[in-house]
Amino acid sequence: MTILKKDRILSVDDTKDNLILVEAILEDEGYHIDSVANGEAALKNVVEFPPDLIILDVMMPGINGYEVTRRIRNNPEINYIPILLLTAFDESSVVEGLDAGADDFIRKPFDTEELLARVRSLLRLKHSIDEQRKMTLQREDFVSRLTHDLRTPLVAADRMLHLFLQEVFGQISPEMKQAIHKMIRSNQNLLEMVNTLLEVYRFEAGKKNLNYESCDLTQIATEVVGELSPLAVEKNLILKLDTHELNQTGNNGGIVNGDRLELRRVFNNLIANAIKFTDTGSIEVRIFQTLSPTNHPNQIIIEVQDTGYGIVAEDQGTIFERFRQGRNKRSGSGLGLHLSQCIVEAHGGKIELSSQLGKGSTFTVRLPKIT
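We now turn to the structure provided with this report. (Residues numbered from 1 in each chain as written. Predicted model: local features only at pLDDT ≥ 70, side-chain atom pairs only at ≥ 80, totals over all residues. Heavy atoms only, no water.)

**Notes on the pairing of strand β12 (residues 360-368)**
Most of β12 sits inside the fold, with seven of its nine residues counted as buried. Pairing analysis gives seven bridges linking strand β11 (residues 350-356) to β12, with the strands arranged antiparallel. For Ser 354, the partnering residue across the bridge sits in β12 and is Thr 362. Hairpin connection from β11 to β12: three residues lie between these consecutive antiparallel strands, with Gly 358 at a positive phi of about 85 degrees. (Buried < 20%, exposed > 50% of the residue type's maximum accessible area, 1.4 Å probe, protein only. Helix = DSSP H or I, 4+ residues; strand = E, 2+ residues; numbered from the N terminus. Pairing = 2+ DSSP bridges.)

Written out as structure tokens, the structure is:
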């Protein structure tokens, strides 16, 4: 057997003869072996010199193999390492070890070929997972760099087009102005998609920092509705905001702890989508609160209801997945709703959809209220 990479294996056993035996078998196969005699030393070794595989005896004084396994699996700073448990015939709970997070087990006294086969199998698993993780990191890095690099020429093009429109470089015909208006809209749509993709990447990579403060959802909704009203008017749609229930209850209604800019993005995405996919009727935005059993407000509810096309039942379960485009010809990149979900969940909330084809859709956001 040819080993291209000298894998490091940590052998943990309180019996010296067992350590010597495992080391002799595996070193003959070309592996590098570190041996320790107890669970405390094993945990220290894993943190300081992460191995590619751990062969772990179950019954040890102090921290036993089950507890070592649990601590390794519960430590988010330790990347995945396969764990092979060594257990004696009279031990009863192999199940406990597997439930703790071990990947496989072998009974003592073990057969040499069986040990080597299990080691090779677990190392193949380790290499496969490491390769997938490497590819994921490379993909995320590529997306981040791409989105940053794309924004620069798009912003520059937007500024230049506006200069042309202002006739800074000379007079242009009405037909040319109309064409430039279309170019500006297309450029802005592309820039918005790039910005959304960048935000999605930041959330999924855990690199998004939220600036928490006391946010008045009524105020945010009023601003967004005001900005988007011209789009509704163009389509002869009624766009209204209903906050009367909050006004009646008082008690700082509509106040949550969150990032104002990101919550504003959620309102903008949901209301703009409702306008886009509604040709006749109305879009109603409602904000109210639910009460706990002790009659204290515990949730702020935001509903965006439209009378648009609706969403077919088979698409509703995947509507918040990224790049999941709807069947409607006006569907965009499939990122807006996914980003909205990321934002809402980062605020400890939940976003849901109810829809009926031909009768419209209602998106419901639930956010915890400041108590």
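Having put the structure on the table, let's press on.
**Remarks on helix α7 (residues 217-234)**
In this model α7 runs 26 Å from its N-terminal to its C-terminal C-alpha over 18 residues, within 8% of the 26 Å that 1.5 Å per residue would give. Within α7, the axis deviates most sharply at Leu 228, by approximately 40 degrees, and proline Pro 230 lies no more than four positions further along. Those residues of α7 not exposed but buried are Leu 217, Thr 218, Ile 220, Ala 221, Val 224, Val 225, Leu 228 and Ala 232. A side-chain oxygen of the first residue of α7 lies 3.0 Å from the backbone nitrogen of Thr 218; this N-cap is Asp 216. Positive phi appears at Asn 236, one or two residues downstream of α7, with a value of about 60 degrees. (Expected span 1.5 Å × (residues − 1). Bend = angle between axes of the 7 residues up to and from the residue. Polar contact = N/O pair within 3.5 Å; in protein donor to acceptor, adjacent residues only side chain to side chain.)

**Notes on the sheet that holds strand β4 (residues 83-88)**
An order of β2-β1-β3-β4-β5 is seen for the five strands of this open sheet, with the pairing classed as parallel. Strands at the two margins of the open sheet, each flanked by one partner only, are β2 (32-36) and β5 (104-108). The mean inter-strand angle of the sheet, taken between neighbouring strand axes irrespective of direction, is 20 degrees. Alignment of strand β1 (residues 8-12) against strand β3 (residues 53-57), held across four bridges, turns out to be parallel. Counterpart to Ser 11 in the pairing with β3 is Ile 55. Along the sheet face, helix α1 (residues 16-28) touches β1, β2, β3 and β5 and points at about 175 degrees away from the line of β2. Its contacts with the sheet put helix α3 (residues 65-73) on β3 and β4, and the angle it makes with β3 is roughly 150 degrees. (Axes fitted to C-alpha atoms, helices over the stretch in contact; angles between N-to-C directions. Contact = heavy atoms within 4.5 Å.)

**A short note on the environment of Asn 269**
Tracing the chain through its elements places Asn 269 in helix α9 (residues 260-276). Separated by 68 residues in sequence, Asn 269 and Leu 337 have C-alpha atoms that sit 7.2 Å apart. Those residues in contact with Asn 269 that sit more than four places away from it in its chain are Gly 336 and Ser 340. At 3.3 Å, the side chain of Asn 269 forms a polar contact with the backbone oxygen of Gly 336.

**A closer look at the packing of α9 against helix α11 (residues 336-346)**
Put simply, α9 and α11 touch, their axes get as near as 9 Å, and they point 145 degrees apart. Viewed along their axes, α9 and α11 form a crossing whose handedness is left-handed. Note on element contacts: α11 touches α9 through Gly 336, Leu 337, Leu 339, Ser 340, Ile 343 and Val 344, opposite Glu 262, Leu 263, Arg 265, Val 266, Asn 269, Leu 270 and Asn 273. Looking at side-chain class alone, the contact of α9 with α11 contains seven nonpolar, four polar and two charged residues. (Left-handed = near helix turned anticlockwise from the far one by under 90°. Nonpolar A, V, L, I, M, F, W, Y, C, P; charged D, E, K, R; others polar.)

**So, helix α6 (residues 174-204)**
For α6, with 31 residues, the first-to-last C-alpha span of 45 Å sits near the 45 Å given by 1.5 Å per residue. Along α6, the positions that sit buried rather than exposed are Ile 180, Ile 184, Asn 187, Leu 191, Val 194, Thr 196, Leu 198, Glu 199, Val 200, Tyr 201 and Phe 203. After α6 finishes, the residue Gly 206 shows a positive phi value of roughly 70 degrees.

**Quick word on the pattern of salt bridges**
Applying the stated criterion across every chain, the model contains 20 salt bridges. Arg 260 is paired through a salt bridge with Glu 223; the nearest N and O atoms lie 2.8 Å apart. On the criterion of sequence distance, the pair formed by Arg 260 in helix α9 and Glu 223 in helix α7 is long-range, its members being 37 residues apart. Salt-bridge contacts for Arg 286 lead to Glu 284; the nearest nitrogen and oxygen are separated by 3.3 Å. (Salt bridge = Lys/Arg side-chain N within 4 Å of Asp/Glu carboxyl O.)

**Some details on the packing of aromatic side chains**
Enumeration according to the criterion identifies two aromatic pairs in this entry. Both rings, one in Phe 164 and one in Phe 169, keep their centres 5.1 Å apart while their planes meet at 55 degrees; by these two values the pair is tilted. Residue class for Phe 169 comes out exposed when judged on its relative accessible area of 52%. Between the aromatic rings of Phe 320 and Phe 363, the centroid separation amounts to 6.1 Å while the plane-to-plane angle is 85 degrees, which identifies the pairing as edge-to-face. Of this pair, Phe 320 sits in the loop between α10 (313-316) and α11 while Phe 363 sits in strand β12, and the two are 43 residues apart along the sequence. An identical accessibility class is assigned to Phe 320 and Phe 363; each is buried. (Phe/Tyr/Trp six-rings, centres within 6.5 Å; stacked < 30°, edge-to-face > 60°.)

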